[in-house]
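So the chains spell out like this:
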There are 2 protein chains.
Amino acid sequence: PALTGSALGSVNPDLASERQTASFCVERLTALLDGGAEQTRIRRAVVEAIESDPVFSRENQYFQTQNERYEAAVRKAVHLQKKMHEMGWTENGPEYKYIYRALSGDVAFLLHRVFMRSISVLGSDKQVAKWIPLATQHKLIGSYAQTELGHGTYLQGLETTAVFDTATQEFILNTPKISAMKWWPGDMGRSATHTVVFAQLYIHGKCYGIHPFILQIRSLQDHSLCPGITAGDIGPKMNFEHTDNGYLLLKSVRIPRENMLSKFCEVRPDGTYVRQGSQQINYFTMTTVRISLISDEVLTPFMKACTIAIRYSVVRRQSKLKPGEQEAKILDYQTQQEKLLPQLAAAYAFHFTNNYLQELFNRGYAEIHRKNFDMLPELHALSSGFKAVITQHCTAGVEICLRACGGHGYSLLSGLPSLYTKILASCIYEGENTILLLQTARFLIKCFMAASAGQPVPPSVTYLAAMKHGKCPAKNKLDFLSPDIYIEAYQHAAVRLTSNTAAKLQDLIQSGVKKHDAWNQCTVQLVQAAKAHCHYIAVKNFAETVEKLETKAGIQKIMKHLCDLFALHGIFSNTGAFLHDGYTSAAQMDMVTASYLDLLAVIRKDAVPLVDAFDFTDKCLNSALGSYDGQVYQRLYEWAQKSPTNQMSPAYERYLKPLLHNTLSKL
Amino acid sequence: PALTGSALGSVNPDLASERQTASFCVERLTALLDGGAEQTRIRRAVVEAIESDPVFSRENQYFQTQNERYEAAVRKAVHLQKKMHEMGWTENGPEYKYIYRALSGDVAFLLHRVFMRSISVLGSDKQVAKWIPLATQHKLIGSYAQTELGHGTYLQGLETTAVFDTATQEFILNTPKISAMKWWPGDMGRSATHTVVFAQLYIHGKCYGIHPFILQIRSLQDHSLCPGITAGDIGPKMNFEHTDNGYLLLKSVRIPRENMLSKFCEVRPDGTYVRQGSQQINYFTMTTVRISLISDEVLTPFMKACTIAIRYSVVRRQSKLKPGEQEAKILDYQTQQEKLLPQLAAAYAFHFTNNYLQELFNRGYAEIHRKNFDMLPELHALSSGFKAVITQHCTAGVEICLRACGGHGYSLLSGLPSLYTKILASCIYEGENTILLLQTARFLIKCFMAASAGQPVPPSVTYLAAMKHGKCPAKNKLDFLSPDIYIEAYQHAAVRLTSNTAAKLQDLIQSGVKKHDAWNQCTVQLVQAAKAHCHYIAVKNFAETVEKLETKAGIQKIMKHLCDLFALHGIFSNTGAFLHDGYTSAAQMDMVTASYLDLLAVIRKDAVPLVDAFDFTDKCLNSALGSYDGQVYQRLYEWAQKSPTNQMSPAYERYLKPLLHNTLSKL
């Protein structure tokens, strides 16, 4: 299996004992997560092929500079082409989706793919026929230049201009002020020869808004910058050292008329502007990206962090739980359980949320092919909301895992700092989370109003019409292990937050506040409503998933426990939302607390098998704390000795020696 | 003044306009924060002297490797000796405390000071007379080796041994297993020649527990490791690249009997163990460190983060708040205010908490000199609890500031990533936060039981005896701007959490659960009680401080607003704690929300003056986003061009060129 012991040999007995008492079959759970045993087999084959190839090694990653990381990422990207050919992997094959996970994303040319996708989606047939083969054969390296120094979220505000010159049949591209400079595009700082650049289109002095253009930025012969182009790397970031995020200044750069991507909009030779086809598909592209990043960029690192922190917490012993006994495993402390086990439950919950979103997306995609765009608003609202909620939760979760490992978690060698600094970016890119939640909230308010007026609304929000003024019927703590009880509580909270905020909004407008001001004054509460909606859907979907699981091999039982924990943790951490209007009483909240704390002790027994099921290899985790054999201290020591900080430093001869020998004055 | 504009010149008009409408005198507020105008003058003189000296420059910090950072920190530490001499600054002078802030802590030999302090506190007069002059004159470089690979929190579990050999009158030091290796001591990886090492003392086969020993680890001549010593650097961490945190293995290293620090305990030549004096002073040392780190390591970086994020948020314009108008400053969005302004309020709140702790500490210190140790338990409980609460809050706050700046916050050039990765460590070192909160909780439970039995308790916890079963008397949202109202609410919540947990603990024990198990089963709730206690004290202290402030120059008024915001934010973010037993009704909670959101709009007007008052120079902030002139985009661009990633990379010749020229197969 992929999870073989390391060179260090035998498994730490404190870790081994955790595996002997698993209440379920780990291999079956892995297959469930993968979507079937065959998928598991394919994934492991990809992992094996990648990890056995030294070019893809990440062993020295924590010791490398930004320049070294970039060079390694380019080397890997180039080598990957060869590898795929050797292995017979294709972009449409079943192996493809596992490659990125196996590489832990540590590879260049990811924006080259976005370059290709944007041409495929936004380009005319002729443009596709010209550029896609060049890109596929790597006769050019593409990037995607949208974000500017001054604008990210608000695309209409982009300041780069493309002025059509009828005389020469060219567009003249400019970044007329410093804030118009393109800033952040990946692969652009040092690698790209071409980019798709977004600019405000001007024809005969009239602005037609943002359009995409293909632009060459570097020579194909010697990689020098093309005339009128200034470009470079934006420098150090919190992570993504492997990516050359770049800047781009344009000074009267001329490109032919044919370089405007023209599937939906075209500029005729005489300057006539023609819009054709539906623009709604663009909307759909953002949805695609937001859903696809959840798995690779968010859930995988989150699951890695859970694996590292939980394995470490059964190997680390500190202080005594019972006087006179051996020091206790730190996972036996309730406070440690309360940090880590809700993260584990959330990892499973969001894995199933992701499946739900994928399924919804696939249905939406099929409908779009039938020219039916009805599902788009719901899909947009859910993908925006869940992108925000899942990235936020998992980022906080990785930080909790890091801190739960104490000082050793703070060492880069634990793997946790780089997981954190990378996942944090997911809260910002592809839509800043607050902005996204407000989009979800706008949808909720609209649907709430429609539902209140008796109009039909999409399936995920029909519940908004059904506000009941009842009370939670739970009578004892065991009742809170019933999904009906907690789903109803989540639903009630979501409806209350949405309806209260809708009422506040209406009150403000009726009292004479202008609509946009009223909206702004409600945004803090709108964000709460959007989060509550997503949380409700996630809990409901987890419970429904558990219902349908196979009852064999202990799988359903342990998933039910995790579902309960996920639900009760959410209530316990946010009691006010449930207590507010008296739906849940204080006595019931004490029952929630009791059931929640009981569950921690139950799940603690299966904690290690539950992370083993994520099936990360040691190379993939790249962590001194998280390896399968749990030989934590040996690994930290052996690894630290290889650090460049253990080479001789000039600081001794230059500063320490003169200081100690009292010869400083001679300096 | 220290806040002069940068070389870039004129102040961004969007930032300048924020300063014209200040409701208070910034300079007076700065003086208040410093503890008087004279202190401000001294601080600025130190800052000026440090920042005008190029050796102390931090300009290239974000581009440097760990090795380069270490070398620079040593250079600065050595140069600082010279500088202090030149400037006439002494360790007991008024300038001393500002040096570290002016250097942003980016300097070596901090553990050398801990080495000296531990000898001063734990050493005999003879030892002090021998070692302190050597250390002061830097004839040796000291470190402090306590933490081991396997033990941090639980000192009794340390595994390093010191066996007394009566025949030679030596101690034989060993790290008998890998987990016994010293791990983390600063200045030890590469610099130190000596260290104070903690080890289990054995005499004639009997263990006497942990004791401190002075040990030489490197030659004073050539810096080579002494016989029996293995030492080195533990490698990369999330921050602290400038510090050579080290490891240390000991193999039968012999040191003379005189090297055991023997103020409190001594081993006589025949092996007789003598304990003398009080050990309680050790307890007090930890308290000292925990209180002292709050200001330098936590509040200063937190205030920097607030300064950067708030200045950026009035310069950054994005999207339109009102149709047809200019794009809005992002600080005009309610959601952005809700992220940043509570952080600003917390920065002021904790500044005053820190003053409160300092004062308490000074009184405690005076009492100890009179051999009265009565204040120690309270001081220990408060310093532990506040260390945890403040580090936790400020770490989360810096993350919020970072994310509130979107993509630009994620660039190292914003300064925010390094503030975050550094402040995060404060949650872990000098007592892991959960452990500390449980110490506070233990004190609370003890005092609650005592108070319930009518026994006297320390002043900060007398309120525990006064549980009232009343209701919050607020009738409208303005009532929640009355400190009496919200202080009472905080007090009620703290008492309820403490008394409920005490009751649960007793119930468990009475039902037959063993005492240590019962304690463990209550720890999640005990942590909540400890936090509530600290939060109550912080709110109460802020309100009391505001009461006493000068009413002139608008100072008291703006501080009152911040106090209200701090208090109401705490309620708004944790409504369940106040709703739980019906002390606050749902209708009252809606009033809290309304008042809280109103306050955001009020404080937003003074946001920039409130961060200007922190009085950080541009060099001290070291941030492209936070400079006094607000020329954000120019700075990002100019700075990025200096990044080493804008030098030629071998990746082009090696990988990109062969790929683009289709000559890869020749490789």
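No experiment lies behind these values; they were computed from the predicted model shown.

Visitor: How should the overall build of chain A be read in this particular structure?
Guide: Along chain A, the regular secondary structure elements total 22 helices and eleven strands. Taken against the 2.2 N^0.38 rule, which gives 26 Å for 667 residues, the C-alpha radius of gyration of chain A at 28 Å falls within 12% of a compact globule. Its C-alpha atoms give chain A principal-axis dimensions of about 90 × 80 × 60 Å. Carbon and sulfur atoms make up 54% of the accessible area of chain A, which amounts to about 25200 Å² in all. With 69 positive and 60 negative side-chain charges, chain A shows a spacing of 2 Å between the two charge centroids.

Visitor: Hey, could you run me through the interface of chain B and chain A in this one?
Guide: Accessible area lost upon the coming together of the parts is a frequently used measure of interface size. Taken together, the contact pairs 130 residues of chain B with 130 residues of chain A. Interface of chain B and chain A: buried area, both sides summed, is about 10400 Å²; carbon and sulfur atoms make up 63% of it. Applying the counting rule to chain B against chain A returns six salt bridges. E432 of chain B serves as the salt-bridge partner of K339 of chain A, at 3.3 Å between the closest nitrogen and oxygen. There are 60 residue pairs in polar contact (both at pLDDT 80 or more) connecting chain B and chain A. Examining the composition of the side of chain B that touches chain A, we find that ten residues originate from one element, helix α15 (residues 515-548) of chain B, more than from any other. Taken together, the residues of the side of chain B that touches chain A sort by class into 58 nonpolar, 49 polar and 23 charged.

Visitor: Which parts of the structure should I look at to understand the UniProt feature "domain: Acyl-CoA oxidase C-alpha1" (unreviewed entry) in chain A?
Guide: Under the present numbering, the feature "domain: Acyl-CoA oxidase C-alpha1" (unreviewed entry) in UniProt falls on residues 283-445 of chain A. Annotated as 77% helix and 0% strand, the span residues 283-445 of chain A places its first and last C-alpha atoms 20 Å apart.

Visitor: For this particular structure, what's the right way to read the packing of helix α9 (residues 334-369) of chain B against helix α10 (residues 376-404) of chain B?
Guide: The packing of two helices is summarised by the inter-axis angle and the distance between the axes. Residues and elements named next belong to chain B. Two elements in contact, α9 and α10, have axes separated by 10 Å at closest approach and are oriented at 160°. When the interaxial angle is binned, α9 and α10 end up roughly antiparallel. The hand of the α9/α10 crossing is left-handed. Along the lines of polarity and charge, the residues of the contact of α9 with α10 split into 17 nonpolar, six polar and one charged.

Visitor: Is there a simple way to explain the packing of helix α10 (residues 376-404) of chain A against helix α15 (residues 515-548) of chain A in this structure?
Guide: Residues and elements named next belong to chain A. At a minimum axis distance of 10 Å, the contact between α10 and α15 shows a crossing angle of 90°. Judged by the angle between their axes, α10 and α15 are roughly perpendicular. Here L382, G385, F386 and V389 of α10 come into contact with α15, specifically with K531, H533, C534, I537 and A538. Considered class by class, the residues forming the contact of α10 with α15 number six nonpolar, two polar and one charged.

Visitor: Help me out: how do you make sense of the sheet that holds strand β4 (residues 182-183) of chain B in this one?
Guide: The strands that make up a sheet are held in pairs by hydrogen bonds between backbone atoms, and each pair lies either parallel or antiparallel. Residue and element names in this part refer to chain B. A sheet is described by the order of its strands in space; here three strands give the open sequence β4-β8-β7, paired in antiparallel fashion. Two strands in the sheet have a free side with no partner beyond their single neighbour: β4 and β7 (229-233). Strand direction decides the pairing type here: β7 and strand β8 (residues 246-250), joined by five bridges, are antiparallel. What sits directly across from T230, in β8, is L249.

Visitor: Would you take a moment to explain helix α7 (residues 125-136) of chain A for this structure?
Guide: Residues lying three or four places apart along an α-helix face the same way, a consequence of the helix completing one turn every 3.6 residues. All names here are of chain A. For α7, spanning twelve residues, the distance from its first C-alpha to its last is 16 Å, which sits close to the expected 16 Å at 1.5 Å a residue. Taken residue by residue, α7 has Q127, W131, I132 and A135 as its buried positions. Summarising the axial view, the buried residues of α7 lie within an arc of 105°, below the 170-degree limit, and thus occupy one face. Turned more than 90 degrees off the buried face of α7, the exposed positions are D125, K126 and A129. For α7, the elements touching its buried residues are α6 (110-122), β5 (194-203) and β6 (206-216). Once α7 finishes, H138 follows within two positions and takes phi at roughly 55°, a positive value.

Visitor: Would you explain the sheet that holds strand β7 (residues 229-233) of chain A in this entry?
Guide: Strand order in the open sheet formed by three strands is β4-β8-β7 (chain A), and the pairing between neighbours is antiparallel. Unpaired on one side and paired on the other, β4 (182-183) and β7 of chain A mark the two borders of the sheet.

Visitor: I keep staring at the UniProt feature "domain: Acyl-CoA oxidase C-terminal" (unreviewed entry) in chain A and nothing clicks. Help me out?
Guide: Under the UniProt annotation, the feature "domain: Acyl-CoA oxidase C-terminal" (unreviewed entry) is placed at residues 483-660 of chain A. Secondary structure within residues 483-660 of chain A divides into 76% helix and 0% strand; the distance between the first and last C-alpha atoms comes to 70 Å.

Visitor: What am I meant to see in the relation of the copies chain B and chain A here?
Guide: Put simply, the two copies of the chain differ by a rotation about an axis and a shift along that axis. The transform that puts chain B on chain A rotates by 180° and translates by 0.0 Å along the axis, for an RMSD of 0.0 Å. Taken together, the rotation angle and the small translation identify this as a two-fold axis. In terms of C-alpha distance to the rotation axis, chain B has G576 of chain B as its closest residue, with the C-alpha 1.7 Å off the axis. In this assembly the copies share their binding face: 100% of the residues contributing to the interface of chain B also contribute to that of chain A.

Visitor: Explain unusual backbone geometry here, please?
Guide: The general pattern is negative phi for most residues beyond glycine and trans for most peptide bonds. Residues and elements named next belong to chain A. We note that K371 has phi near 65°; this positive angle belongs to a residue other than glycine. With respect to the helices and strands, the residue K371 is situated in the loop between α9 (334-369) and α10. Non-glycine residue A553 carries a positive phi angle of around 55°. Here A553 lies in the loop between α15 and α16 (555-572).

Visitor: Looking at this structure, how should I read the pairing of β8 of chain B?
Guide: Residues and elements named next belong to chain B. The element β8 is largely enclosed, with a buried count of five among its five residues. Every second residue of β8 is oriented toward a common face, with G246, L248 and L250 on one face and Y247 and L249 on the other, all of them buried. As judged from the two bridges shared by β4 and β8, these two strands associate in the antiparallel manner. Of the residues in β8, the one forming a bridge with K182 is L248.

Reading guide: rules and limits
Once a new chain begins, its residue numbering starts again from 1 and follows that chain's sequence as written. Lettering for chains starts from A, numbering for ligands starts from 1, and both go in the order in which the items are written. Per-residue local features are limited, in this predicted model, to residues with pLDDT of at least 70; the limit for side-chain atom pairs, both in listing and counting, is 80 or more; totals at the level of whole chains, interfaces and linings are taken over all residues. Side-chain figures throughout are based on the complete set of non-hydrogen atoms in the structure, without hydrogens or water. We count a stretch as a helix when DSSP gives it H or I for four or more residues in a row; a strand needs E for two or more, and each element gets its number in order from the N terminus. A radius of gyration in this sense is built from C-alpha atoms; the matching globule rule multiplies 2.2 Å by the number of residues raised to 0.38. Residue exposure ignores everything except the shown protein chains as possible cover, and the areas themselves are Shrake-Rupley values with a 1.4 Å probe. Residues scored as positive are Lys and Arg, those scored as negative are Asp and Glu, and His as well as the terminal groups of each chain are ignored. In plain terms, the charge of a residue is placed at NZ if it is Lys, CZ if Arg, CG if Asp and CD if Glu. Working rule for contacts: check all heavy atoms of both residues, and any pair within 4.5 Å makes them a contact. Put simply, buried area is how much 1.4 Å-probe accessible surface two parts lose in total, over both of them, once they are put together. For salt bridges, the criterion is a side-chain nitrogen of Lys or Arg within 4 Å of an Asp or Glu carboxyl oxygen. Residues adjacent in sequence count toward polar contacts only when both atoms are side-chain atoms; beyond that, a polar contact is any pair of N or O atoms within 3.5 Å, and within protein one must be able to donate a hydrogen and the other to accept it. Any residue that is not Ala, Val, Leu, Ile, Met, Phe, Trp, Tyr, Cys, Pro, Asp, Glu, Lys or Arg is counted as polar, Gly included; the first ten are nonpolar and the last four charged. UniProt positions are given in the numbering used here, feature names are shortened, and annotations may be inferred rather than shown by experiment. The convention used is that axes are lines fitted to C-alpha atoms, helices contributing only their stretch in contact, and that angles between N-to-C directions extend from 0 to 180 degrees. Here is the rule for angles: anything less than 35 degrees is roughly parallel, anything more than 145 is roughly antiparallel, 65 through 115 is roughly perpendicular, and the remaining ranges are oblique. Left-handed describes a crossing whose near helix is turned anticlockwise from the far helix through less than a right angle; right-handed describes the clockwise counterpart. A pair of strands is treated as paired once DSSP finds two or more bridges between them. Here a helix's expected span is defined as the number of its residues, less one, multiplied by 1.5 Å. To sort residues, take the accessible area from a 1.4 Å probe on protein chains only and compare it with the maximum for the residue type: under 20% means buried, over 50% means exposed, and anything in between is partly exposed. Here the arc refers to the set of directions running from the helix axis out to each C-beta atom. Fitting of the copies onto one another was done by least squares over C-alpha atoms, counting residues only where both copies have pLDDT of at least 70.

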